[in-house]
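# An overview of the molecular structure
As a plain string of letters, each chain reads:
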Amino acid sequence: MRTEFVLSQVEESVTPVLVPNLPYNGYLWMPTPRSGTFWDTRFRVFHGIDNSVTLKAITYKEWEKLKK
């Protein structure tokens, strides 16, 4: 669901693209990319997101509110 949410924003040219944290972030290693890091680059390459697109991390609770 997170991937669909992110890619739909990219397709619609929304800026910044909101990247929700996962519900159990503490159990994963680097689940949400931080801007300017290696993992930001890997996330972009994996999902085909251009470097010109700004990504912004949001909490899972914020995302839940947006889904409604």
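The model shown is predicted, which means the values in this text are computed figures rather than measured ones.

Attention now moves to the overall build of the protein chain. Within the protein chain one finds three helices and two strands. Secondary structure elements in the protein chain, listed N-terminal to C-terminal, are α-β-α-β-α. By the compact-globule yardstick of 11 Å for 68 residues, the protein chain fits well, its C-alpha radius of gyration being 11 Å. Its C-alpha atoms put the protein chain at 25 × 25 × 15 Å along the principal axes. The buried share of the protein chain, reckoned over its 68 residues, is 29%. Counting only contacts in the protein chain whose residues sit at least 6 apart along the sequence, the fraction spanning at least 24 positions is 48%. With the model as given, the accessible surface of the protein chain reaches about 5,100 Å², and the carbon-plus-sulfur share is 55%. Charge separation in the protein chain, taken as the distance between the mean sites of 9 positive and 7 negative side-chain charges, equals 9 Å.

Moving on: the side chain of Arg-44. Inspection of the secondary structure puts Arg-44 in helix 2 (residues 38-47). Given the relative accessible area of 7%, Arg-44 is considered buried. Reaching out from Arg-44, the side chain makes a polar contact with the backbone oxygen of Asp-50 at a distance of 2.8 Å. Those residues in contact with Arg-44 that lie beyond four places of it in its chain are Ile-49, Asp-50, Asn-51, Val-53, Thr-54 and Leu-55.

Attention now goes to the environment of Lys-61. Among the secondary structure elements, Lys-61 is positioned in helix 3 (residues 60-67). When the C-alpha positions of Lys-61 and Val-6 are compared, they lie 16 Å apart, and in sequence the two are 55 residues distant.

The next thing to look at is helix 1 (residues 2-11). Helical geometry note: an α-helix holds 3.6 residues per turn, so side chains three or four residues apart project in the same direction. Looking at helix 1, one finds that the buried residues are Arg-2, Val-6 and Gln-9. The arc that holds the buried residues of helix 1, viewed along the axis, is 65 degrees, so those residues lie on one side. For helix 1, exposure combined with an orientation more than 90 degrees from the buried face picks out Glu-4 and Glu-11. Here the buried face of helix 1 lies against strand 1 (17-20), helix 2 and helix 3.

What follows covers the confidence of the model for the protein chain. Residues at a pLDDT of 70 or more form 100% of the protein chain, whose mean pLDDT is 92. Taking the mean pLDDT of every element in the protein chain, the minimum, 91, falls on helix 3 and the maximum, 96, on strand 1.

Criteria and cut-off values
- Residues numbered from 1 in each chain as written.
- Predicted model: local features only at pLDDT ≥ 70, side-chain atom pairs only at ≥ 80, totals over all residues.
- Heavy atoms only, no water.
- Helix = DSSP H or I, 4+ residues; strand = E, 2+ residues; numbered from the N terminus.
- Rg over C-alpha atoms; globule rule 2.2 N^0.38 Å.
- Buried < 20%, exposed > 50% of the residue type's maximum accessible area, 1.4 Å probe, protein only.
- Contact = heavy atoms within 4.5 Å.
- Areas by Shrake-Rupley, 256 points an atom, 1.4 Å probe, with all protein chains shown as cover.
- Lys, Arg positive; Asp, Glu negative; His and termini not counted.
- Charge placed at Lys NZ, Arg CZ, Asp CG, Glu CD.
- Polar contact = N/O pair within 3.5 Å; in protein donor to acceptor, adjacent residues only side chain to side chain.
- Arc of directions from axis to C-beta.
- pLDDT = per-residue confidence, 0-100.

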